[in-house]
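Observations on the three-dimensional arrangement
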Amino acid sequence: MTSPMELTQAVLEDAARTGSKKVAEAMTVLVGSAVDVETSMVKRVPFKEALQLLSGGGEYAVIVYSVMDSPTFSGGVTILTISRADALSLVDVLNKRPEGATSILKDVDRSAIKETLNILSNSYINELSRVSEREIRVEAPNMITVIHLQGVLKTAFAWEDGQFESAALVFETALVVTERRMKVGLFLLFHEEFAKLVAQS
């Protein structure tokens, strides 16, 4: 058995391709139109670098997280991010509206985005679990505000250097529906203490 963090770049890229196909199949059924899923990047980065990417990622409209654990590693958290413009486009797609019809994100829209992004997260995690032969359990998804996430990041950046001895996987994905391209960031952070911070925020 191999830890997800010990997988080679070639295996990670293969897992990303297979995960993308499964996301596309599920999303096509959900929205009733053909969906392409592009994974432009998957890479393993040091934990602190992942925090920096999250911190400087731009204007997030929706941030979805799920705590993950496994019998073979101490735990962690998945974080999905999508910008306001892409979130509005995704709501239009989910509701079969013309592009630009949605201008304000309502609570029901955020909930729909949460469940949709959860499909993406689970597809990639299941594939990583398969190729690494490690069980990875993921709890139900929750949302966190930008303000709360920034507070969590501020706390984590103040940790001693020894607390950064962990790593993360970062996926950059795009959902393409009828020429609309919506970018989604997926961060898998294998750090139990950080997962607790996010869940408690």
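Here, every reference points to the structure presented above.
Okay, so let's go over this structure. Just so we're clear, the structure is a prediction, and the values are computed from it rather than from any experiment. (Residues numbered from 1 in each chain as written. Predicted model: local features only at pLDDT ≥ 70, side-chain atom pairs only at ≥ 80, totals over all residues. Heavy atoms only, no water.)

A look at helix α5 (residues 146–157)
The periodicity of an α-helix, 3.6 residues per turn, causes residues three or four places apart in sequence to face the same way. Taking 1.5 Å per residue as the helical rise, α5 with its 12 residues ought to reach 16 Å, and the 16 Å between its terminal C-alpha atoms agrees with that figure. For α5, the full list of buried residues reads L149, V152, L153 and A156. What you see down the axis of α5 is that its buried residues fit within an arc of 100 degrees, all on one side. In α5, the exposed positions that point more than 90 degrees away from the buried face belong to I147 and K154. On its buried side, α5 packs onto α2 (47–55), β2 (60–70), β3 (73–83) and α6 (192–200). (Helix = DSSP H or I, 4+ residues; strand = E, 2+ residues; numbered from the N terminus. Expected span 1.5 Å × (residues − 1). Buried < 20%, exposed > 50% of the residue type's maximum accessible area, 1.4 Å probe, protein only. Arc of directions from axis to C-beta. Contact = heavy atoms within 4.5 Å.)

Topic: the nonpolar core
Residues I113, F171 and L188 are the most contacted members of the largest nonpolar core, which totals 41 residues. Here I113 is in contact with V62, I82, A87, L90, V91 and L105, once residues within four sequence places are set aside. In this structure, V45, V77, L149 and V152 belong to the second largest nonpolar core, which totals 25 residues. (Core = buried A, V, L, I, M, F, W, Y, C linked by side-chain atoms within 4.5 Å.)

Describing the environment of P98
Its location among the elements puts P98 in the loop between α3 (84–94) and α4 (107–132). Since its relative accessible area comes to 59%, P98 is described here as exposed. In sequence terms P98 and W159 are 61 residues apart; their C-alpha atoms lie 46 Å from each other. In this structure P98 touches D92 and R180, once residues within four positions along its chain are discounted.

With respect to the pattern of salt bridges
All told, the structure shown has 8 salt bridges when counted by the stated rule. The salt bridge involving E127 is made with K22; its shortest N-O contact spans 3.2 Å. On the criterion of sequence distance, the pair formed by E127 in helix α4 and K22 in helix α1 (residues 9–31) is long-range, its members being 105 residues apart. For E127, a relative accessible area of 0% gives the class buried. A salt bridge links E135 to R137, with the shortest nitrogen-to-oxygen separation between them at 3.5 Å. Bridged by salt links that share partners, the residues K22, E127 and R130 form one connected network. (Salt bridge = Lys/Arg side-chain N within 4 Å of Asp/Glu carboxyl O.)

Some details on the pairing of strand β6 (residues 167–177)
Counting buried residues in β6 gives 10 out of 11 residues, a clear majority hidden from the surface. Both strand β1 (residues 35–46) and β6 contribute to a ladder of 11 bridges, which runs antiparallel. Opposite D36, over in β6, you have V176 as the bridge partner. Sheet topology note: the β6/strand β7 (residues 180–190) ladder contains 11 bridges and is antiparallel. Its bridge partner being in β7, A167 is matched across the sheet by F190. (Pairing = 2+ DSSP bridges.)

Notes on α6
Those residues of α6 that sit buried are F194, A195 and V198. Viewed end-on, α6 has its buried residues packed into an arc of 105 degrees, placing them on one side of the element. The inward-facing, buried residues of α6 contact α2, β2, β3, α5 and β7.

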